Amino acid sequence: MPPKRNRKEYMKKYNMENKDKIKEERKQYREAHKEKKKEYDKKYHIENKDKIKEYNKKYKEANKDKVKEVRKEYTEANKDKIKEYDKEYRKTEIGKKNSIINNWLNRSKIKFVDRNEAEFYYETYINTHRCTWCNIEFKNSSDRQLDHCHICSLPRAIICRSC
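Residues numbered from 1 in each chain as written. Predicted model: local features only at pLDDT ≥ 70, side-chain atom pairs only at ≥ 80, totals over all residues. Heavy atoms only, no water.

Explain helix α5 (residues 64–77) residue by residue, including any values.
With 14 residues, α5 extends 20 Å between its outermost C-alpha atoms, agreeing within 8% with the 20 Å of an ideal straight helix rising 1.5 Å per residue. With 1 of 14 residues buried, α5 is to be regarded as a mostly surface element. (Helix = DSSP H or I, 4+ residues; strand = E, 2+ residues; numbered from the N terminus. Expected span 1.5 Å × (residues − 1). Buried < 20%, exposed > 50% of the residue type's maximum accessible area, 1.4 Å probe, protein only.)

Shown next as C-alpha cells:
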C-alpha cells in the first residue's frame with residue numbers, strides 16, 4: 001500500500017486531469033438522487049432551524065453592504081415579478097389585514113402602543129358591522145372608520161363616515 005502522501009498527490013493529480021469527468025458524474029448523481037437530497041435538506045432545515053437562523057443573522061451582520069447590494073440587484077432585475085407577487089398578496093386575507101395595520105401604524109395620526117394593539121383593533125374593526133355611535137349598519141368596508149381622540153391620538157371606536 002502506498003504511503004498517505006503519495007496517495008494524496010495521486011488523488012490531486014487525478015482530480016485535476018479528470019475535472020470534467022468528475023463534474024459530469026456528480027451532476028448525474030444529483031439528478032438520480034434529486035428527491036432523496038430534497039428530503040434530506042428539508043429534514044436538516046427542520047432539525048437545525050435555530051442554527052441556520054443564527055448563521056444567517058451573523059452573515060447578514062458581517063456582510064451588510066453585500067446583502068444590501070444583492071437585494072438591490074434582485075429588486076431591479078425582478079420588478080415585474082415583485083409587483084405581481086405584491087398585487088396577489090394584497091388580495092389575500094392576511095395581505096388585506098397587514099395593509100390596513102401598516103397604514104394605521106405608518107400613515108395615520110392614530111397612536112398605538114405596539115403592533116399587537118393595532119392587531120386587536122383590526123379584529124374589532126373587521127368584526128364590527130354597526131356604527132358604535134349611531135348604530136347604523138355598514139353597507140361596505142369603506143363605510144367603517146377607526147375613530148381616534150384628536151387630543152391624545154388614541155383609538156376610540158369604529159364609526160361610520162357620517163359620525
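Would you mind going over the packing of aromatic side chains in detail, with residue names and values included?
All chains considered together, the criterion is met by 7 aromatic pairs. Considering the side-chain rings of Y85 and Y89, the 6.4 Å spacing of their centres and the 15 degrees angle between planes classify their relative orientation as stacked. Note that Y85 and Y89 are positioned in helix α6 (residues 79–91) at a spacing of 4 residues, about one turn of the helix. Judged by its relative accessible area of 55%, Y85 falls in the exposed class. Judged by centre distance (6.0 Å) and plane angle (55 degrees), the rings of F112 and Y121 are tilted. For the pair F112 and Y121, one class covers both residues: buried. Cluster of aromatic residues (ring-pair linked, three or more members): W104, F112, F120, Y121 and Y125. R144 extends its terminal NZ or CZ atom over the ring of Y125, reaching a point 4.9 Å from the ring centre. (Phe/Tyr/Trp six-rings, centres within 6.5 Å; stacked < 30°, edge-to-face > 60°. Lys NZ or Arg CZ within 6 Å of the ring centre and 35° of its normal.)

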